[in-house]
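Spelled out, the chains give:
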Amino acid sequence: MPATALRLPEHFFPDRAQNSPHTFSVNRYPAMNEVGAAQDGQFRVAPTPTGAC
């Protein structure tokens, strides 16, 4: 859809991204009113590999 909006060939972006050395991570942190407070023994985020949470 973005390529079409820019009047580019349909596969303009996928063709250029197939062998890319880059990654893109998306994290979603829902609001407290959506998921509620953490219960005893639960965390809202996972600890990092270094344990610096």
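The residue numbers shown here count from 1 along each chain, following its written sequence. Where local features are concerned, this predicted model is filtered to residues with pLDDT of at least 70; where side-chain atom pairs are given and counted, the filter is 80 or more; whole-chain, interface and lining totals use all residues. Side-chain calculation: all heavy atoms of the structure are included, whereas hydrogens and water are not.

Some remarks on the overall build of the protein
Move 1: Counting secondary structure elements, the protein contains 3 helices and 0 strands.
Move 2: Counting from the N terminus, the helices are the DSSP runs of H or I reaching at least four residues and the strands are the DSSP runs of E reaching at least two. Reading the secondary structure of the protein in the N-to-C direction produces α-α-α.
Move 3: Burial status follows relative accessibility: with a 1.4 Å probe on protein chains alone, a residue under 20% of its type maximum counts as buried, one over 50% as exposed, and anything between as partly exposed. Relative to its full complement of 53 residues, the protein shows a buried share of 2%.

What about the packing of aromatic side chains?
Move 1: Only the six-membered ring of Trp is used, alongside the rings of Phe and Tyr, when aromatic pairs are assigned; centres must lie within 6.5 Å, and planes under 30 degrees apart are stacked while those over 60 apart are edge-to-face, with the rest tilted. The final tally for this structure, using the stated rule, is 1 aromatic pair.
Move 2: Geometrically, the ring pair formed by Phe12 and Phe13 is edge-to-face, given 5.1 Å between the ring centres and 90° between the ring planes.
Move 3: The positively charged end of Arg16 is found above the aromatic ring belonging to Phe12, 3.7 Å away from the centroid. By the criterion adopted, a ring carries a charge over it if an Arg CZ or a Lys NZ lies within 6 Å of its centre and within 35 degrees of its normal.

Structural notes on the confidence of the model for the protein
Move 1: pLDDT: the predictor's confidence for each residue, scored from 0 to 100. Per-residue confidence for the protein gives a mean pLDDT of 79; residues scoring 70 or more make up 83%.
Move 2: Per-element confidence in the protein is highest for helix α1 (residues 2-5), whose mean pLDDT is 88, and lowest for helix α3 (residues 32-35), whose mean pLDDT is 84.

With respect to unusual backbone geometry
Move 1: Its identity is not glycine, yet Arg7 carries a phi of approximately 60°, on the positive side.
Move 2: Summarising the element assignment, Arg7 is placed in the loop between α1 and α2 (12-17).
Move 3: We classify Arg7 as exposed; its relative accessible area is 79%.

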